[in-house]
Amino acid sequence: METILAFDFGLKRIGVAVGNTLVRQAQPLVVIAEATNDGKFVALGKLIDAWKPGRCIVGLPMYPDGTEHEMTARCRRFANQLHGRFNLDIVLVDERYSSAVISQRRGDIIDAQAAAIILQQYFDEPTHLT
């Protein structure tokens with residue numbers, strides 16, 4: 001069994017969800033809303049220390065046609081920083097359709113729910129857990 005943390009990255013907040021490969025059910029966990037980038041990574045470090053994930057999932061936003069935009073690049077950078085700072089395996093998951101499930105994506109609870117949807121997409125994709 002492996003614990004997995006998922007992140008819905010935003011400039012103001014980062015939604016976090018947790019799940020594991022045994023049950024394969026994502027649960028909203030917390031929203032990180034620190035004012036500085038350093039503060040965000042300190043909070044992320046505490047979560048990673050507490051949950052000891054085997055890997056992390058980062059939602060990758062794109063336009064509906066699959067082309068990338070500014071937030072796509074920012075999410076890739078965030079994923080690279082997670083990998084570099086915490087030496088964790090990172091998997092990027094297309095989050096284009098997660099916002100269709102949650103009609104309005106901003107707000108503290110919504111961000112954690114969005115992270116849970118991203119993680120559930122990962123669990124539901126058979127090629128991710130072979």
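Structure report, in brief. From a predicted model like this one, the values you see are computed outputs, not experimental measurements.

## A short note on the pairing of strand S1 (residues 3-9)
At step 1: For S1, the tally of buried residues reaches seven of seven residues, placing the bulk of the element in the interior.
At step 2: Neither face of S1 is left uncovered, since the one carrying Thr3, Leu5, Phe7 and Phe9 and the one carrying Ile4, Ala6 and Asp8 both have all their residues buried.
At step 3: Of the strand pairs in this sheet, S1 and strand S2 (residues 14-20) are connected by seven bridges, and their pairing is antiparallel. Bridged to Asp8 within S2 is Gly15.
At step 4: Following S1, the chain reverses through four residues before pairing antiparallel with S2.
At step 5: With four bridges joining them, S1 and strand S4 (residues 55-60) adopt parallel strand pairing. From the neighbouring strand, Leu5 faces S4, where its bridge partner is Cys56.

## A closer look at the packing of aromatic side chains
At step 1: Within this structure, the stated rule accounts for five aromatic pairs.
At step 2: Here Phe9 and Phe78 contribute two aromatic rings whose centre-to-centre distance is 4.8 Å and whose plane-to-plane angle is 25°, an arrangement assigned as stacked. With Phe9 in strand S1 and Phe78 in helix H2 (residues 70-86), this residue pair connects regions lying 69 residues apart in the sequence.
At step 3: Consider the rings of Tyr122 and Phe123, whose centres lie 6.0 Å apart with planes at 55°: the pair is tilted. The pair Tyr122 / Phe123 is uniform in exposure class, with both members buried.
At step 4: Clustering of aromatic rings is evident, with ring pairs tying together Phe7, Phe9, Phe41, Phe78 and Phe86.

## Some details on the pairing of S4
The two faces of the sheet receive side chains in turn, since in a regular strand these alternate between them.
At step 1: Of all the six residues making up S4, five are buried; the element is thus mostly covered by neighbouring parts of the structure.
At step 2: In this fold, the crossover linking S4 to strand S5 (residues 89-94) by way of H2 has right-handed handedness.

What counts and what doesn't
- Residues numbered from 1 in each chain as written.
- Predicted model: local features only at pLDDT ≥ 70, side-chain atom pairs only at ≥ 80, totals over all residues.
- Heavy atoms only, no water.
- Buried < 20%, exposed > 50% of the residue type's maximum accessible area, 1.4 Å probe, protein only.
- Helix = DSSP H or I, 4+ residues; strand = E, 2+ residues; numbered from the N terminus.
- Pairing = 2+ DSSP bridges.
- Phe/Tyr/Trp six-rings, centres within 6.5 Å; stacked < 30°, edge-to-face > 60°.
- Right-handed = clockwise from strand over helix to strand, strands pointing away.

Spatial relationships are all this shows, so hold off on functional conclusions.
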